[in-house]
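Each chain is listed here by its residues.
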Amino acid sequence: MFTSFFPRPKPFFISVAAWSLICILAWYFGASSLGALIGLPPLAEGQELVIGISRFWSAPFLWFYIYFFACVAFFGVSWATIAPHPWQRWSVWGSALVVFNTYLLVQASVAVNAWYGPFYDLIQTALDKKRVVTASEFYWQCVIFFGIASVAITLMVFNSFFVNHYVFRWRTAMNDFYVVHWQKLRVIEGASQRVQDDTMRFARTMEDLGVSLVGSIMTLIAFLPVLFNYSTKITELPFIGEVPHALVWAAIIWSLFGTVFLALVGIKLPGLEFRNQRVEAAFRKELVHGEDDADRANPITVRELFQNVRRNYFRLYFNYLYFNVARYLYLQTDNIFGIFVLIPSIVAAKISLGLLNQVLNVFDQVRSSFQYLVNSWPTIVELISIYKRLRAFEASIYNEPLPTIDQEFIEAPDVDAEPQPS
């Protein structure tokens, strides 16, 4: 799955994490100001970025683009020298482009959040009749919003198009890898399905989860500093009182609670999903044999195999029943959690309508990023089951012992007996 597309996957991903952390820390601890050396100075103390589309080509943004591409170039050239790989243009440079584009999408969300403040304060001013607010002021705010939205739409369309090609290249790399080793793999039950269907599902699932994960990380990087700034104005939590960086702690603790809680509740689901694919494959294979061999797919055998399918589905339904109760209870509570945290500040009239909407938006962005596992859990369960199937598949290539569940399904090519699934 990974060797076919990435150079030396384990050290590669470790180096990605380490180099990313180094570059991020370097940026926040001084590199962001080095742009002044080439005429791209950072914002002065107390200065804020322009609210509108022009922020994307302001001096701080232009310097970040240069810094990002310099970091990527050093990393990419280093790996191209250490471990050349036929797919590195997509796996290394393509991944960097996805990260960069996702970061710009997040910055578009940050720009919209900055727009919330003056827009909703303008609404509050008009409703309170503190001064005369003209329609042209609202129209101009709408123009500013559509300028930011045009950037976001362009980025979303491009990112979707590019990621589609990216994951299909990954699937192509896996397909080529398995075809080369087909003689070893063909004895595994459902080999054709794994090469065709599982690689397709793996690529599609990684597309959804991978982009979501990168988006969550980029959102945290972009919005956490904003939430820290808002925490200087909102310092009180319900029933607790004054807490330094109250909003940050509330987002982290609530999100970690949901992640751990749902992971414990749904701990059996990956194994059940994996076994479900196995019994479905055994049932389908027997029917395929029955198309060419009149002695196969007799009613008794087919009924027994389908009974295995039925039994596993009913177990899945039961486990998803209590998992969904826990998941939807948490998510519905989550809908009002932001307002709940702000109740002391609202009652004390410490925030305006514009600031309220800004804080709620940033808080929701940070909280949803921390809740990546909560929101993606059903998809993660499916991915784990696919990964297990393909990992067991690859065990034959490296002459590794198969997992017990796969040994139960192996059918040697010269054995006519039907498979006996568990």
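Since we're looking at a predicted model, the values are computed, not measured.

Criteria and thresholds
- Residues numbered from 1 in each chain as written.
- Predicted model: local features only at pLDDT ≥ 70, side-chain atom pairs only at ≥ 80, totals over all residues.
- Heavy atoms only, no water.
- UniProt positions renumbered as here; feature names shortened; annotations may be inferred.
- Helix = DSSP H or I, 4+ residues; strand = E, 2+ residues; numbered from the N terminus.
- Buried < 20%, exposed > 50% of the residue type's maximum accessible area, 1.4 Å probe, protein only.
- Polar contact = N/O pair within 3.5 Å; in protein donor to acceptor, adjacent residues only side chain to side chain.
- Disulfide = S-S within 2.5 Å.
- Contact = heavy atoms within 4.5 Å.
- Phe/Tyr/Trp six-rings, centres within 6.5 Å; stacked < 30°, edge-to-face > 60°.
- Core = buried A, V, L, I, M, F, W, Y, C linked by side-chain atoms within 4.5 Å.
- Salt bridge = Lys/Arg side-chain N within 4 Å of Asp/Glu carboxyl O.
- Patch = residues over 30% accessible without salt bridge, like charges linked within 9 Å, V, L, I, M, F, W, Y side chains within 5 Å.
- Areas by Shrake-Rupley, 256 points an atom, 1.4 Å probe, with all protein chains shown as cover.
- Lys, Arg positive; Asp, Glu negative; His and termini not counted.
- Charge placed at Lys NZ, Arg CZ, Asp CG, Glu CD.
- Axes fitted to C-alpha atoms, helices over the stretch in contact; angles between N-to-C directions.
- Parallel < 35°, antiparallel > 145°, perpendicular 65-115°, else oblique.
- Left-handed = near helix turned anticlockwise from the far one by under 90°.
- Nonpolar A, V, L, I, M, F, W, Y, C, P; charged D, E, K, R; others polar.

Draft legend 1. Broad picture of the UniProt feature "transmembrane region" (unreviewed entry) in the protein chain. When the UniProt feature table is mapped onto this chain numbering, "transmembrane region" (unreviewed entry) sits at residues 12–40, 60–80, 92–118, 138–162, 209–228, 248–267, 313–330 and 336–356. Summarising residues 209–228: 100% helix, 0% strand, and an end-to-end C-alpha distance of 27 Å. Structurally, residues 336–356 comprises 71% helix and 0% strand, and the distance from its first C-alpha atom to its last is 14 Å.

Draft legend 2. Representation of the side chain of Asn308 in the model. Position of Asn308 relative to the elements: it lies in helix α9 (residues 299–335). Judged by relative accessible area, which is 9%, Asn308 ranks as buried. Side-chain polar atoms of Asn308 contact the side chain of Arg311, separated by 2.9 Å.

Draft legend 3. Looking closely at the state of the cysteines. This model, assessed by the stated rule, comprises zero disulfides. Considering cysteine sulfurs only, Cys23 is the nearest to Cys71, which forms no disulfide, with 3.4 Å between them. Judged by relative accessible area, which is 12%, Cys71 ranks as buried.

Draft legend 4. Structural view of the side chain of Gln88. Note that Gln88 resides in helix α3 (residues 88–128). On the accessibility criterion, Gln88 (17% relative accessible area) is buried. Within the structure, Gln88 has its side chain in polar contact with the backbone nitrogen of His85 (distance 3.1 Å). Apart from residues lying up to four places away in sequence, Gln88 is in contact with Ala80, Ala83 and Trp93.

Draft legend 5. Molecular detail of the packing of aromatic side chains. Using the criterion set out here, one finds 49 aromatic pairs in the structure. Ring geometry for Phe6 and Trp170: centres 5.2 Å apart, planes at 85°, overall edge-to-face. Within this pair, whereas Phe6 is found in the segment before α1 (9–28), its partner Trp170 is found in helix α4 (residues 135–180), the two being separated by 164 residues in sequence. The structure contains a cluster of three or more aromatic residues connected by ring pairs, namely Phe2, Phe5, Phe6, Phe12, Phe13, Phe75, Trp79, Trp87, Tyr166, Trp170 and Phe202.

Draft legend 6. Quick look at the environment of Ile66. Looking at where Ile66 falls in the secondary structure, it is placed in helix α2 (residues 59–82). For Ile66, a relative accessible area of 42% translates into the label partly exposed. Separated by 257 residues in sequence, Ile66 and Phe323 have C-alpha atoms that sit 46 Å apart. In this structure, Ile66 is in contact with Ile38 and Leu40, ignoring residues within four places of it in sequence.

Draft legend 7. Layout of the nonpolar core. Counting 56 residues, the largest nonpolar core has Leu227, Leu247, Phe363 and Val366 as its most contacted members. Sorting elements by how many residues they give to this core places helix α6 (residues 191–230) first, with 10 residues. The next biggest cluster of nonpolar side chains, apart from the first, holds 44 residues, and it includes Phe6, Ala203, Trp377 and Phe393.

Draft legend 8. Structural context of the pattern of salt bridges. For the structure on display, the rule yields one salt bridge. Close ionic contact of Glu137 with Arg131 constitutes a salt bridge, the shortest N to O distance being 3.0 Å. Under the relative-accessibility criterion, Glu137 is labelled partly exposed at 25%.

Draft legend 9. Representation of a negative patch on the surface within the structure. Negative charge collects at one region of the surface, where Glu291, Asp292, Asp293 and Asp295 lie side by side. Topologically, Asp292 is positioned in helix α8 (residues 269–292).

Draft legend 10. The arrangement of the packing of α3 against helix α11 (residues 353–370) in detail. Viewed as axis vectors pointing N to C, α3 and α11 meet at an angle of 155°, and their least axial separation amounts to 6 Å. One finds that α3 runs roughly antiparallel with respect to α11. Of the two elements, α3 crosses α11, and the hand of that crossing is right-handed. Across the interface between the two elements, Ser109, Asn113, Ala114, Tyr116, Gly117, Tyr120, Asp121 and Gln124 from α3 touch Leu353, Gly354, Leu355, Asn357, Gln358, Asn361, Val362 and Gln365 from α11. Within the contact of α3 with α11, the residues separate by chemical class into six nonpolar, nine polar and one charged.

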